[in-house]
Amino acid sequence: MLRKRLVTVLTINNGTLFRTKLFEPDYRYTHHFVDSWSVDEIVMLDVTRDAGADRKPFFDLVTSFAHDCFVPLAVGGGIRTLDDVSRYMAVGGDKVVVNTGAVDRPELITEIAKAYGTQCVVLSIDAKKNEAGDYEVFSAFGARPTGLDPAEWAMCGEELGAGEVLITSITRDGSLRGYDLELCKRVSDAVSVPVSVLGGAGAWKHFVEGFTGGGASAVCTQNIYHFTESSIQNAKKFLAQKGIEVRL
Amino acid sequence: MIGVIDYGLGNLTSVAGAVQKVGFEPVISSEATDLGRCEKLILPGVGAFGDGMRNLNDRGLVLPLTKMVMERRMPVLGICLGFQLLAKSSSEFGNNNGLGWLDARVSRLQPEDPALRIPHVGWNELYQKGDSILFDDIPELPLFYYVHSYKLETSAVETVIGECDYGGTFAAAIQSGSIFGTQFHPEKSQQHGLALLRNFLEKA
């Protein structure tokens, strides 16, 4: 049986690993350490805000992670063209994550899917409730309202060739209050590709909720205290006790 | 030296890194002369079948590789799309011919349970069949990492050395003489994947 996945998301700003809260860098990690032996998958995102910034520090970091990473590695940040994708793949990515680039130019999804296959494209969607109380997709690090409904945008992305969707709640980011299950459920019900959920996990029971209430295929966390071997193993044991099939 | 075939698709860096990790020297190349000097070949691949074949053709690799594998019997391991390319044909985005080294064809995964999502992404068990050097020192029912929407089907059932179940079983690993292939990604499947890769590189 296919296992439910526990995914670690690493956000990197100017070559330095950060966690984020409400989409702002929170504090600097003291250890560049990832337990690649218990986690099921790793996502590395360059969240450097300056569009013209040199990506070399990020690429160097990905290269060093990829060297000893024998689990799937998804990479992203600022991807706008197929050339960007080939650079990300060359430093060790197994798949790429697109967000604002796909909102601005949805054909980008199709271009990547045609060249690398649909399984190579993860459509990342950042969403929160707008002033009218409706869920809305925000691009550009959560700053720009798009007028798009997250479930509809996910469906559209699947049609264009996205092989996975990563749904992030902007308001839950760094809150430790748990995932936005309603948002996740809406998206996972709308598409037939696997959906990963990010933003808000602060306790292991939140992982269970992501799978059961959110309909997610993978739960993601970027919180530091999940970054040691024992905590990921313990989280998985907890999930197994709750009847979730995971890779122990 | 282990030739990692570069045809413009796929996670070559990951594959070469895993080869290095288990103690062998990878050579990433799209030149038939370089690849011909290697002891073994790995055909990696992430992507679409038609593009894969077109890229192999554009690089003039189909005939030289076929000679290396089918005449010189150089051991080859196809991974994911590289595994599917060993087949005669695929129905992905129209009908495309493959390398044809295996009597097999590729078709879309169609799980019996409609709730199962496509692509099949994640860790799933391998049911070993028969006895293959690929699985030496690997426990029963190992978990490997898969990411694919298509599957390989062969009438040569004796060549299927491992199956996976995702709303129905499919060929997850094949050995036919010195031709090996896995639908899963050994380079992304931690200790069992590295063990499998080491088995191929040491024993095939």
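It should be noted that the structure appears before, not after, this text.
The structure reproduced in this document is the subject of the present report.

What counts and how
- Residues numbered from 1 in each chain as written.
- Chains lettered and ligands numbered in written order.
- Predicted model: local features only at pLDDT ≥ 70, side-chain atom pairs only at ≥ 80, totals over all residues.
- Heavy atoms only, no water.
- Axes fitted to C-alpha atoms, helices over the stretch in contact; angles between N-to-C directions.
- Helix = DSSP H or I, 4+ residues; strand = E, 2+ residues; numbered from the N terminus.
- Left-handed = near helix turned anticlockwise from the far one by under 90°.
- Contact = heavy atoms within 4.5 Å.
- Nonpolar A, V, L, I, M, F, W, Y, C, P; charged D, E, K, R; others polar.
- Parallel < 35°, antiparallel > 145°, perpendicular 65-115°, else oblique.
- Buried area = accessible area lost by both parts, 1.4 Å probe.
- Salt bridge = Lys/Arg side-chain N within 4 Å of Asp/Glu carboxyl O.
- Polar contact = N/O pair within 3.5 Å; in protein donor to acceptor, adjacent residues only side chain to side chain.
- Phe/Tyr/Trp six-rings, centres within 6.5 Å; stacked < 30°, edge-to-face > 60°.
- Buried < 20%, exposed > 50% of the residue type's maximum accessible area, 1.4 Å probe, protein only.
- Lys NZ or Arg CZ within 6 Å of the ring centre and 35° of its normal.
- Arc of directions from axis to C-beta.
- Core = buried A, V, L, I, M, F, W, Y, C linked by side-chain atoms within 4.5 Å.
- Pairing = 2+ DSSP bridges.

### What to know about the packing of helix α5 (residues 150–160) of chain A against helix α6 (residues 181–190) of chain A
All names here are of chain A.
- Where α5 meets α6, the closest approach of the two axes is 8 Å, and the angle between their N-to-C directions is 30°. Helix-helix and strand crossings are classified by hand; for α5 and α6 the assignment is right-handed. Taking contact as the criterion, the partners of P150, A151, A154, M155 and E158 in α5 are, on α6, L183, R186, V187 and A190.
- Taken together, the residues of the contact of α5 with α6 break down into seven nonpolar, no polar and two charged.

### Thoughts on the packing of helix α1 (residues 12–21) of chain B against helix α6 (residues 190–203) of chain B
Residue and element names in this part refer to chain B.
- Put simply, α1 and α6 touch, their axes get as near as 9 Å, and they point 75° apart. When the axis of α1 is compared with that of α6, the two are roughly perpendicular. Contact residues: A18, V19 and K21 in α1; L194, L197 and L201 in α6.
- Class assignment for the residues of the contact of α1 with α6 results in five nonpolar, no polar and one charged.

### Let's talk about the interface of chain A and chain B
- At the interface, 42 residues of chain A touch 34 residues of chain B.
- Regarding the contact of chain A and chain B, the summed buried area is about 2900 Å², with carbon and sulfur atoms giving 53% of it.
- It is L2, F70 and Q119 of chain A that lose the most area in chain A upon contact with chain B, and together they represent 25% of the buried surface on that side.
- Remark: the boundary between chain A and chain B carries two salt bridges.
- E125 of chain B is paired through a salt bridge with R3 of chain A; the nearest N and O atoms lie 2.7 Å apart.
- Connecting chain A to chain B are 21 residue pairs in polar contact (both at pLDDT 80 or more).
- For the side of chain A that touches chain B, the elements supplying multiple residues, two or more each, are α2 (82–90) and α4 (107–116) of chain A.
- For the side of chain A that touches chain B, the leading source of residues is α4 of chain A, giving three residues.

### Describing the packing of aromatic side chains
- All told, the structure shown has nine aromatic pairs over all chains when counted by the stated rule.
- A ring pair is formed by F59 of chain A and Y88 of chain A, whose centres lie 5.2 Å apart and whose planes are at 85°; its orientation type is edge-to-face. Here F59 of chain A, found in helix α1 (residues 56–67), pairs with Y88 of chain A, found in helix α2; they are 29 residues apart in sequence, far enough to count as distant. As far as the burial class goes, F59 of chain A and Y88 of chain A line up, both buried.
- Through successive ring pairs, a cluster of aromatic residues spans F144, Y146, F170 and F184 of chain B.
- Lying across the ring of F141 of chain A, R49 of chain A places its NZ or CZ 4.4 Å from the centre.
- Positioned above the aromatic ring of F138 of chain A, the side-chain terminus of K128 of chain A is 4.7 Å from the ring centre.

### Details of α5 of chain A
Residues and elements named next belong to chain A.
- Of the residues making up α5, those classed as buried are P150, A151, W153, A154 and G157. Angular distribution of buried residues about the axis of α5 spans 160°; they occupy a single face of the element. Every exposed residue of α5 that faces more than 90 degrees away from the buried side is listed here: E152 and E159.
- At its buried positions, α5 is contacted by α3 (100–104), α4, β7 (121–129), β8 (135–139), β10 (164–169) and α6.
- A distance of 3.1 Å separates the backbone nitrogen of A151 from a side-chain oxygen at the start of α5, and that oxygen is part of D149.
- Just past α5, the residue G161 takes up positive phi, approximately 125°.

### Observations concerning the environment of C184 of chain A
All names here are of chain A.
- Take C184: it is sitting in helix α6.
- Here the alpha-carbon distance between C184 and V97, two residues 87 residues apart in the chain, equals 18 Å.
- Ignoring any residue separated from it by four or fewer positions in sequence, one finds C184 in contact with I167, V195, V197, G214 and A216.

### Concerning the nonpolar core
- Counting 103 residues, the largest nonpolar core has M44 of chain A together with L56 of chain B as its most contacted members.
- Apart from residues no more than four positions distant in its own chain, M44 of chain A is found in contact with L10, I12, F58, L61, V62, F65, L73, A74, V75 and G76 of chain A.
- I79, I138, Y146 and F184 of chain B belong to the second-largest nonpolar core, a separate cluster that totals 34 residues.

### Quick look at the pairing of strand β3 (residues 40–43) of chain B
All names here are of chain B.
- Residues K40 and I42 of β3 are buried on one face, and the alternating residues L41 and L43, pointing to the opposite face, are buried as well.
- Pairing of strand β1 (residues 2–5) with β3, which is carried by three bridges, proceeds in the parallel orientation. Bridge pairing in β3 places I2 opposite K40.
- Pairing analysis gives three bridges linking β3 to strand β4 (residues 76–79), with the strands arranged parallel. For I42, the partnering residue across the bridge sits in β4 and is L77.

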